[in-house]
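Descriptive analysis of the structure
The chain contents come next:
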Amino acid sequence: MSTISPENSVRPIHDVDGDEPAFDADDDFVDNEMAASIVVAVEAAADGSEGSRTRKPFEVTGDQRFRQEPNSFTDEYGNLKAVNFVIRHPCAIFSFLIALCLVLSFLLNALVFRTAKNGNPFTTPTNEFALNDHRSIQYDSLRLARDEIENERRVVSKEGQAVLKQSELADIAYWVFESETPNGLFGSPESIQAMKDAYDIFYQDSGFKTYCQLDYRAPLANNSSERECSKPLTPLLMYYPSSWDEGKASAVIEALKVSENVDLFNNLALCVIRGLYCELVPNITFQDQVWAAQLGGMISNITSTWDMSGSLVSNITQVTELASYLIQVDIFKGLVDFGFDKGFSSENPVSQYSRGIVFWGGPLEDRVSGSEAAEKDADDSDGEKRKEFIKSNYLSDMNNQANSGTHRTINSYYFMTAIIGDTILAIVTQDALLAIFSFIFVFFWIRINTQSWFLAFVGLFEIFFSIPVAWFIFTVIFQIKYFATLNSLAIFVVAAIGADDIFIFMDAYKQSQYHPELLGDLSTRMSWVYRRTGVAMAITSATTCAAFLCTLITPLTSIQSFGIFAAVVIFIDYVLVMSLFCTAVVIYHQRFESTAKYGCCCPCGVQSPTPTEKARFALEANGDTDLKRDRVSEFFRNRVAKFVQVPFHRLVFGVIFVSWMGVALWQALKLEPTKENEQFLNENHPLQKSITILNEQFETANDDLGLKVYYAWGLEEVSRDGVNRLLDPENFGKPNYVKNFDFNQQCQSDLLAFCDDLKTNPKYKELIKRREGLGAVYCFVEELAAYNIKGNLSDCEYVKKGAFKNETWQVDPASLSAIIPNFLTQKTCFDEEGIETIGSRYSTEIGWDGYSLRYAAIAAESDVLSPFGQVAESVTRKEYDQFVQIASEVDEIISTSCGGNVIMTDLDEKFVFMNNQRIYVQSALQSSLLGVAIAFFVLLLSTRVFHLALFASFSIVCVLISVVAVMVMLGWYLGSIESILIAIIAGFSVDYVVHLAHAYEIAKGDTYERITEAFGDLGISVFNGMITSVVASLPLFFCQLQFFAKFGTFLCLTIAFSWIFANFGFMSVLATLKIPLKEKGCRL
């Protein structure tokens, strides 16, 4: 973005007689520096004979030129030496620059793309956090320590073990249902059968058994050698039982209708039904024990037939009512709570939403575990087979089930890991095709404004190749290896800014034809164009680059990477416009301007007389009458400028702007951090609808996997020495271990006591997920204790009931090396499938490196947080603070016996993302304000006029407030996407006001004359830039990916507000205040 302002006064170079120059270097209307650029010698037009020339009104002979002392940049006539060189060798320079762009792109492909992991040059967006925040430090302290010892421990615990065919969970198919009737999904047989149709797609097909997860819990049926598929996780199991006893169901319902009975049963069930922690339930009467045992027996008898193998129960209302009461019973709620929404209860036995999971198994054949690489290859091969099987056999039926017209009473949605990648790829491809439209429009708009196919192609070339050239510099020259997916937005940034630069340059070139003092030769003309546009575009490019570099204040590497890359792209675009496009304009001038032919570049097609000579002849023929310029330029010069100069119009502008800014400020101050999961896709996309329903309509159920929160002892904080993720994305630091960590008997006892407290303490009931009445805690110590006594884990009741506590169970630390290796190979007692090993279940909790126990950890599942998706910062922080409080309390005891302080963290990045959400808010505010401050100082240095810099900066602030206000009006919250966009507003909004400020500053005359010149010279350029950016952003509105859709809205709003405030706000203020500018000396 650039600013052109030809001189206000257009007058002949010679006086009336032509005897002496009409001005010299001491004239007031031009300073010494300007004299060198505008005093030119116009060669006489050839009249057919070598020695005969006729003097023209604007003609200057060679010996009459204003000469000056040449320097490193200009010749004796004040023309730029670089421009002279381009004019002498345009084709060679043009070819060289094109070849350079292509070579750098080729090198980028060879050095970056071909060497990228899996052919993906983008850095995987994981582990994104502030490196020095204590949450990320604790996260990496455990994560890196686990990874460091995992390979050794994996060899000891798993390698060489047999893995049964389809015994492990390899994938899931998730069904989500939405009712279209007020009776809910379970209010009619039609709706229930419609949901069952989704599961019948798989379970009615004999081929499904080859890919499902097999049930190894149940014994094989008589005369059968094949295991059955695991049942789906769905409430339909109870509606299609193998048998249904209405009498027992009615009795259970009647018993649970009394709230006191529910409380009593919940207090007794753990002891009476499970035989656990009876010491925690004092004063149990025999009568209460018998009642609880009978009620528990009836419920167990009813639920044992829930297998979806029978026909639909005739009394579906009774089934639904029973579920509404069982959901209140701690040890049985896990059987029913998964499939009913959060509004479902005994007072409201209606569920508008439901969900279910179909389980897919692996490996597809019996396998002996080997190296990690070999297992990954085998899993990938199985995954491909599974995907092809699903696409060939089920995908069509699944899509039909999900079709809104298939069922009258319900809507069905699904997603599956095996095919979700193809779905996302299709969405990304579709959105990328929309981006192509933006480039097509930019191309044709450049063509319309330049009136040249040649310049349009060159313009599009330089815009497009700004990306690979900048990428080469970013990655190969700067050695920045972190290339964020966010960097892909740079293509839209450069499309808008690059086109703006082209319009500025071409408009300056066109306007130069109306200034006779510039038409002596092409070198003089292009030197003037180059100076005017170069300075203006340098100001705006520097300001934009600096605004993007403001993102460096954030500690998040992906945003830093985007800021640096966007700044490099803007710089390269500026360089290419001033080199490649400038050279193209010279070629255009010499060969294609004012002609319809599409000749070769060199050596044919040179025009004579040249367009510059034709422009001079036109001015000579026109005499003192001004030539008519293009209609748009005249409109801005004579209509818009005059409109702004009318006091009443400015008063109207003032009222409108003040009123709007009052509303905008009010709305902007209402912006608040997001309170919900951030959407990935358009809210109406089926995949996004299913995810939204899952996140918003269901409480965390027993069968939902909760976020595992770890308490580890034996670790010190990770060392971050030498860590710079921009240069080395894989380097997070070095894990450290507590040298005096001692897994002694007291340490073991304290860890077990901590486990029991987490499981049974009622104050953790809302914090830690409950399964069968106990907290979901991963405590390897209790299984280690039983193994130490029994030598195996075959008696799981002994483990679960804690019978080992009556004996001396603690392991002698000296015996760990003999016990742990075999212990890790045992089957855990807490896996319902009966196939998971100790080493697999406690892969993070047991820090065994093959020789010693480096650390020990206990984990608990959160009742609120999930490892999937993101929730509002306030929700996560509330849970986090409670887990921190537990760590603080227990560390006082365990750190003494075990050694070292506790490391409390999760390994799913929820706690570090919580901090990221706060960083997004801080970065948005800091980066936007810093961007405005930088714009102010750049303007102050370039214009040397304080009030221009101040008013222009105020215009940028108004744009910032306005865009944020509209975001609030659109219902946006301050999530990660919005925070990034706000942080870069200053970079996008600076261009137009800087153009007009610079044009106003270099113009001549009083305030109104300066305004007229600024609008006349820059109005069309700024308008074209605005049109290009706004229309190019429109396709993004239709993107399914929410980041691109919101970016399109943001870009359109920012550009529109920037144009309005620059043209009618900033210029109106200047017209109203009429602050004079000094022509010489300090103008601050």
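Overview of the structure. Just so it is clear, the structure is predicted and the values come from calculations on it, not from any experiment.

Calculation rules
Residues numbered from 1 in each chain as written. Predicted model: local features only at pLDDT ≥ 70, side-chain atom pairs only at ≥ 80, totals over all residues. Heavy atoms only, no water. Buried < 20%, exposed > 50% of the residue type's maximum accessible area, 1.4 Å probe, protein only. Helix = DSSP H or I, 4+ residues; strand = E, 2+ residues; numbered from the N terminus. Pairing = 2+ DSSP bridges. Axes fitted to C-alpha atoms, helices over the stretch in contact; angles between N-to-C directions. Contact = heavy atoms within 4.5 Å. Core = buried A, V, L, I, M, F, W, Y, C linked by side-chain atoms within 4.5 Å. Lys, Arg positive; Asp, Glu negative; His and termini not counted. Salt bridge = Lys/Arg side-chain N within 4 Å of Asp/Glu carboxyl O. Polar contact = N/O pair within 3.5 Å; in protein donor to acceptor, adjacent residues only side chain to side chain.

1. What to know about the pairing of strand β14 (residues 903–906)
Residues I903 and T905 of β14 are buried on one face, and the alternating residues M904 and D906, pointing to the opposite face, are buried as well. As paired strands, strand β6 (residues 708–713) and β14 are joined by 4 bridges and run antiparallel to one another. By the bridge assignment, V709 is partnered in β14 with D906.

2. What about the sheet that holds strand β3 (residues 353–362)?
The strand order across the open sheet formed by 3 strands is β3-β2-β5, and the pairing between neighbours is antiparallel. Each edge of the sheet is formed by a strand with only one pairing partner; in this case those strands are β3 and β5 (410–416). Across this sheet, the average inter-strand angle for adjacent strands is 20 degrees, counted without regard to direction. Judged from the 10 bridges that link them, strand β2 (residues 168–179) and β3 form a sheet pairing that is antiparallel. Counterpart to F177 in the pairing with β3 is S354. Each of β2 and β5 is contacted by helix α13 (residues 417–450), which is oriented at about 95 degrees to β5, the strand it contacts most.

3. Comments concerning the side chain of N1063
Turning to its location among the elements, N1063 is positioned in helix α34 (residues 1042–1073). A relative accessible area of 0% means that N1063 is categorised as buried. With residues near it in sequence (within four places) discarded, N1063 still touches F636, V644, L996, F1015 and V1022.

4. Regarding the nonpolar core
With 185 residues, the main nonpolar core has M526, F1047 and F1066 as its most contacted residues. Of all the elements, helix α17 (residues 557–592) adds the most residues to this core, at 23 residues. Once you skip the residues sitting within four places of it in the chain, F1047 turns out to touch L489, F492, V493, L981, I984, F988 and L1036. If you look at the next biggest cluster of nonpolar residues, it comprises 78 residues, including V723, F743, L767 and V777.

5. Some words on the side chain of D431
For D431, the location among the structural elements is in helix α13. An unpaired buried charge is present at D431: no salt bridge exists, and K1046, the closest side chain of opposite charge, is 14 Å distant. Here L1041 takes part through its backbone nitrogen, which lies 3.0 Å from a polar atom of the side chain of D431. Sequence-distant contacts of D431, defined by excluding residues within four places in its chain, comprise C1039, Q1040 and L1041.

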